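If you want the building blocks of each chain, they are given just below.
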Amino acid sequence: MRPPFRLLTLLSLTLLATGCRDEQAGPKPRAKALPPPAQARVLDAAPADLTWRSGVTFAGGAVRYLGTRVSPPVAVPGQPVQLSHYFEALRPMPQGWEFFVHVVDPSTGQMMVNADHGFAGGAAPLGSWPVGKVVEDVHTVPMPPSPSRVVLGFWQGDARLPVDDPSAHMGDNRLFGPQLGGAAPLLPEYSVRRAAKAPAIDGVLDDAVWKDATPVVLRGSFDGRPASLRTEARLAYDDQHLYVAFDVEDPDVWGTLRKRDEPIYEQEVVEIFLDANADGRTYNEMQVSPHNVTFDAYFPARRQGMDLAWDSGMTTAVKVRGTLDEPSDRDEGWRVEMRIPFARLAEVPRLPPGKGDRWRFNLYRLEHVERRQVEGQAFSPLFVGDFHALPRFGWLVFE
């Protein structure tokens, strides 16, 4: 499974992961620290307007977490939210403990944002706090796409500073902080039409079924803005298969990986995620690269138990409009067709799908702009850099 995430900007991305690669995937890192202030802010007491009040202590009463102020308290997904945390040292603490802040799914504890950073921008590590005074840490995180929780604490090597109250954490010494939530944009729907005749899987996209299918243009996965390069998708179905087509604008079509289930998500790829029973847990991920290399996986829960032995049985074809793997010229793009057997998918409620059936799904593209900056695109924008953000999957409605 993937290692923990880090907080990244949309246009400055470092990506390395198992499974679908996206804007927040990567080895266990630390978010970029805030510029160190001249000195840490030390107070006699915590402010009166805390959004979340605590009082729970660490390490046998050595440190007390007083609470956090969230500003603004309500925000739309992706909007920056300022978190101001307040702690008090009740006795001297040793050096070497670092501060961590995670934003997690409240039901599973799954990381949504890793906002680890030096306390007060590195100016006030735990061992330097004056006993009996209140110290303040201020930083910013993006509002997640679904209700979430801030958890925080201190780490050193492989250990976390123990939380004294067992009910104040999930058994992992990540102390409960404030809850975050906002009014998420409505989830988009795609009405998929029944194909009178199955398309030829050749990457050409000249079949009648594609002329009848509704086109949808993918948008920036992180914020819903128009993407720099156009990606248009269409879907159709019959009794046995779901058909997916992508028409990708791309001035430099490339890829170096050639084997099935290699990490093609580290390069340029189009993807579909399907949660057939819409339970927000079991789902399938399928990808195609410009070299028509495929990746498919089954997940029994969000980002857990990834099964690469699962075989989707899909048939795919790619048509490149340009010169593949040649950066010196300018390409037009590439087109993809996918034929996915319903019978191979996880937790399909009924076969074949009937009129009015509603699945959860999302469509994605990863584009390496000038082979440097990575741009994520989606049918349903996520507002976090995580293609596995299941609460933000759109609806696939069978006509």
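Residues numbered from 1 in each chain as written. Predicted model: local features only at pLDDT ≥ 70, side-chain atom pairs only at ≥ 80, totals over all residues. Heavy atoms only, no water.

### Describing the confidence of the model for the protein chain
Atomic detail in the predicted coordinates should be set aside for any region of low pLDDT. Of the residues in the protein chain, 89% have a pLDDT of 70 or more, and the chain-wide mean is 89. Low confidence marks residues 1–18, where pLDDT is under 50. Its contacts with residues over four positions away, or in another chain, come to 69 contacts. In this model residues 21–38 is a low-confidence stretch, pLDDT under 50, and it forms 69 contacts with partners more than four residues away in sequence or in other chains. (pLDDT = per-residue confidence, 0-100. Contact = heavy atoms within 4.5 Å.)

### A word on the nonpolar core
Leu235, Leu242, Phe246, Ile272, Met338, Leu363 and Leu396 are the most contacted members of the largest nonpolar core, which totals 44 residues. Looking at this core, the element that brings in the most residues is strand 16 (residues 241–249), giving six residues. Residue contacts for Leu242: discarding those within four places in its chain leaves Val192, Leu235, Ala236, Tyr237, Ile272, Leu274, Met338, Arg339, Ile340, Phe342 and Leu396. Residues Val81, Ala120, Phe154 and Leu161 belong to the second largest nonpolar core, which totals 35 residues. (Core = buried A, V, L, I, M, F, W, Y, C linked by side-chain atoms within 4.5 Å. Buried < 20%, exposed > 50% of the residue type's maximum accessible area, 1.4 Å probe, protein only. Helix = DSSP H or I, 4+ residues; strand = E, 2+ residues; numbered from the N terminus.)

### Considerations on the packing of aromatic side chains
In the structure shown here, the tally under the stated rule is 22 aromatic pairs. Judged by centre distance (5.4 Å) and plane angle (70 degrees), the ring pair of Phe87 and Phe154 falls under edge-to-face. Linking Phe87 in strand 5 (residues 80–89) with Phe154 in strand 9 (residues 148–156), this pair joins segments that are 67 residues apart in sequence. Among the residues examined, Phe154 registers a relative accessible area of 1% and is labelled buried. Relative to Phe154, the ring of Trp129 lies with its centre 5.8 Å away and its plane at 75 degrees, an arrangement referred to as edge-to-face. With Trp129 in the loop between strand 7 (111–114) and strand 8 (134–142) and Phe154 in strand 9, this pair connects stretches of sequence that are 25 residues apart. Members of the aromatic cluster, joined through ring pairs, are Phe58, Tyr65, Phe87, Phe99, Phe119, Trp129 and Phe154. Looking at Arg160, its charged tip hangs above the ring of Phe100, at a distance of 5.3 Å from the centre. Its end group placed over the ring of Trp395, Arg360 keeps NZ or CZ at 4.7 Å from the ring centre. (Phe/Tyr/Trp six-rings, centres within 6.5 Å; stacked < 30°, edge-to-face > 60°. Lys NZ or Arg CZ within 6 Å of the ring centre and 35° of its normal.)

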